[in-house]
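# Analysis of the macromolecular model
Here is how the chains run, residue by residue.
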Amino acid sequence: MDYRKSNAPVDTVTRNIMDLSEETGNIYESVAIIGKRANQISAEIKHDLTKKLAEFASYNDSLEEVFENREQIEISRYYERLPKPTLLATQEFIEGNVYWRDPSKNESED
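Conventions used here
- Numbering of residues starts from 1 in every chain and runs along the sequence as written.
- With the structure being a predicted model, the display of local features is reserved for residues of pLDDT at least 70 and the display and counting of side-chain atom pairs for 80 or more, all residues being used for whole-chain, interface and lining totals.
- The basis for every side-chain value is the complete set of non-hydrogen atoms in the structure, without hydrogens or water.
- The helix and strand labels rest on DSSP assignments: H or I over at least four residues marks a helix, E over at least two residues marks a strand, and numbering proceeds from the N terminus.
- Exposed residues in this analysis have more than 50% of their type's maximum accessible area, buried residues have under 20%, and partly exposed residues fall in between, with area computed by a 1.4 Å probe over protein chains only.
- Throughout, a residue-residue contact means that at least one pair of heavy atoms, one from each residue, lies within 4.5 Å.
- Areas reported as accessible are Shrake-Rupley estimates using a 1.4 Å probe. Residue values count occlusion only from the protein chains shown.
- The salt bridge criterion pairs a side-chain nitrogen of Lys or Arg with a carboxyl oxygen of Asp or Glu, the two atoms within 4 Å.
- The method works on a 1 Å grid over the protein atoms by themselves. A cavity is a set of points holding a 1.4 Å probe that cannot get out, a pocket is an open set with protein on both sides within 12 Å along at least five of seven lines, and residues with an atom within 4 Å of a point line them.
- Grid points are joined across faces, edges and corners, and a volume is the space filled by probe spheres set on the points.
- The classification used treats Ala, Val, Leu, Ile, Met, Phe, Trp, Tyr, Cys and Pro as nonpolar, Asp, Glu, Lys and Arg as charged, and all other residues, Gly among them, as polar.

The next subject is the overall build of the protein chain. Each helix and strand in the protein chain was counted, giving 5 helices and 0 strands. Along the protein chain, helices and strands appear, N-terminal first, in the series α-α-α-α-α. Within the protein chain, the fraction of its 110 residues that count as buried is 25%. For the protein chain, restricting intrachain contacts to residue pairs at least 6 apart in sequence, the fraction spanning at least 24 positions comes to 76%. As displayed, the protein chain has an accessible area near 8,300 Å², and 51% of this comes from carbon and sulfur atoms.

The next point concerns the pattern of salt bridges. Taken as a whole, this structure holds 2 salt bridges when the rule is applied. With a shortest N-O distance of 2.6 Å, glutamate 92 and arginine 37 are connected by a salt bridge. In this pair, glutamate 92 is assigned in helix H4 (residues 85-95) and arginine 37 in helix H2 (residues 27-54), connecting sequence segments 55 residues apart. The exposure class of glutamate 92 is buried, given its relative accessible area of 5%. Judged by relative accessible area, which is 16%, arginine 37 ranks as buried.

The space that makes up the second largest pocket amounts to roughly 150 Å³. Taken together, Ser42, Ile45, Lys46, Leu49, Tyr79, Glu80, Leu82, Pro83, Lys84 and Pro85 form the lining of the second largest pocket. At the level of elements, H2 and helix H3 (65-81) are the ones that each hand at least two residues to the lining of the second largest pocket. Residue contributions to the lining of the second largest pocket peak at 4 residues, all from H2. Of the residues assigned to the lining of the second largest pocket, the class counts are 6 nonpolar, 1 polar and 3 charged.

Turning to the environment of leucine 82, a few remarks are in order. The residue leucine 82 is located in the loop between H3 and H4 in this model. Judged by relative accessible area, which is 10%, leucine 82 ranks as buried. Sequence separation of leucine 82 and serine 6 is 76 residues, and the distance between their C-alpha atoms is 9.5 Å.

Right, here's the structure in full:
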């Protein structure tokens, strides 16, 4: 998923909990799925941010560092303005874009 093009809200949104439980039939299972997906998204965002900031890594101190810091600040501000991973994961779950499986249910079918 491209988190930059998501239509997830930037601010917190009040949601009806029963709407989240429709897919799984259990609100706790839905929250666990959303939480795990949020952790995946968070790790992806962190990886992208550190990769972009590594380009500006300077191993010597000089006057140019001030200009590099401005670019780093702009990149950091961009990532701060993105929706939070929990909001992205919740939006994905509501839209049906999250795949999950329950291994305990699959074993009982065999």
